[in-house]
Amino acid sequence: MNKIRKGDTVVVITGRDKGRTGTVIKVLENDRVLVENLNMVKKHQKPNPAKGVAGAIVQKEASLHVSNVALWNPATKKGDRVGFKTLENGRKVRCFKSNGEVVDA
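Residues numbered from 1 in each chain as written. Predicted model: local features only at pLDDT ≥ 70, side-chain atom pairs only at ≥ 80, totals over all residues. Heavy atoms only, no water.

> Could you give me a rundown of the overall build of the protein, with the residues and numbers involved?
Counting its regular elements, the protein contains zero helices and ten strands. Scanning the protein from its N terminus toward the C terminus, one meets helices and strands in the order β-β-β-β-β-β-β-β-β-β. Relative to a compact globule of 105 residues, whose C-alpha radius of gyration would be 13 Å, the protein shows 17 Å and is clearly more extended. Principal axes of the C-alpha set define a box for the protein whose edges measure 60 × 30 × 20 Å. Counting over 105 residues, the protein shows a buried share of 25%. One way to put it: in the protein the 21 positive side-chain charges average out to a point 6 Å from where the 10 negative ones average out. (Helix = DSSP H or I, 4+ residues; strand = E, 2+ residues; numbered from the N terminus. Rg over C-alpha atoms; globule rule 2.2 N^0.38 Å. Buried < 20%, exposed > 50% of the residue type's maximum accessible area, 1.4 Å probe, protein only. Lys, Arg positive; Asp, Glu negative; His and termini not counted. Charge placed at Lys NZ, Arg CZ, Asp CG, Glu CD.)

> Help me get a handle on the sheet that holds strand E2 (residues 21–28), residues and values and all.
Across a sheet, paired strands are connected by hydrogen bonds in the backbone, their directions being either parallel or antiparallel. One open sheet holds the six strands; their spatial order is E6-E3-E2-E1-E7-E8, and the pairing between them is antiparallel. Since the sheet does not close on itself, it has two edges, and those belong to strand E6 (64–65) and strand E8 (78–80), each with one partner. (Pairing = 2+ DSSP bridges.)

> Pulling in residues and values, what's your account of the nonpolar core?
A general feature of soluble globular proteins is that nonpolar side chains tend to end up buried together. Core analysis: the biggest nonpolar cluster contains twelve residues, these being Ile 4, Val 10, Val 12, Val 24, Val 33, Val 35, Leu 38, Leu 64, Val 69, Leu 71, Val 82 and Phe 96. Looking at this core, the elements that each hand over two or more residues are strand E1 (9–12), strand E3 (32–35) and strand E7 (69–73). (Core = buried A, V, L, I, M, F, W, Y, C linked by side-chain atoms within 4.5 Å.)

> Pulling in residues and values, what's your account of the pairing of E3?
Pairing of E2 with E3 involves four bridges; the strand directions are antiparallel. Bridge pairing links Val 27 to Val 33 in E3. A loop of three residues connects E2 with E3, the two strands running antiparallel in sequence, and Asn 30 in this loop sits at a positive phi of about 50 degrees. Where E3 and E6 come together, two bridges link them in antiparallel fashion. Opposite Val 33, over in E6, you have Leu 64 as the bridge partner.

> Before we move on, can you summarise unusual backbone geometry with the specific residues and values?
Even without being a glycine, Asn 30 presents a positive backbone phi close to 50 degrees. Of note, Asn 30 is situated in the loop between E2 and E3. Looking at Asn 30, the relative accessible area reads 59%, which means it is exposed. For Asn 39, which is not glycine, the phi torsion reads 55 degrees and is therefore positive. Inspection of the secondary structure puts Asn 39 in the loop between E3 and strand E4 (40–45).

> Which residues make up the packing of aromatic side chains, and what values go with them?
Inspection of every chain in the model, using the stated rule, returns zero aromatic pairs. Cation over ring: Lys 92 sits above Phe 84, and NZ or CZ is 4.9 Å from the ring centre. (Phe/Tyr/Trp six-rings, centres within 6.5 Å; stacked < 30°, edge-to-face > 60°. Lys NZ or Arg CZ within 6 Å of the ring centre and 35° of its normal.)

> Provide a residue-level description of the environment of Lys 85, including the pertinent values.
Note that Lys 85 resides in strand E9 (residues 82–86). Residues Lys 85 and Lys 43 lie 42 residues apart in sequence; the distance between their C-alpha atoms is 42 Å. When residues no more than four places from it in sequence are discounted, the contact partners of Lys 85 are Arg 91, Lys 92, Val 93, Cys 95 and Gly 100. At 3.1 Å, the side chain of Lys 85 forms a polar contact with the backbone oxygen of Gly 100. (Contact = heavy atoms within 4.5 Å. Polar contact = N/O pair within 3.5 Å; in protein donor to acceptor, adjacent residues only side chain to side chain.)

Structure below.
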């Protein structure tokens, strides 16, 4: 079970986008995530006439390592660490370390 999943709101805790928040678009292998409108890079796109794509310089999101983002806690209005706990029905859920509040509804 991953601590950060697709659709989570995260805050960047280090790097040039430090303090900015965004939604996770995709979780990649080797502990990397794509966050919407964060860590933007310019990519020189080659033209592809077969697909009808013109050559251009496009801006796209680059991946961030999971250790550089923290899950946004709406109760404390800060980034927070995530732990796991097992409910009485046997289901494993994510919870915030600061207040113990369950992340998953």
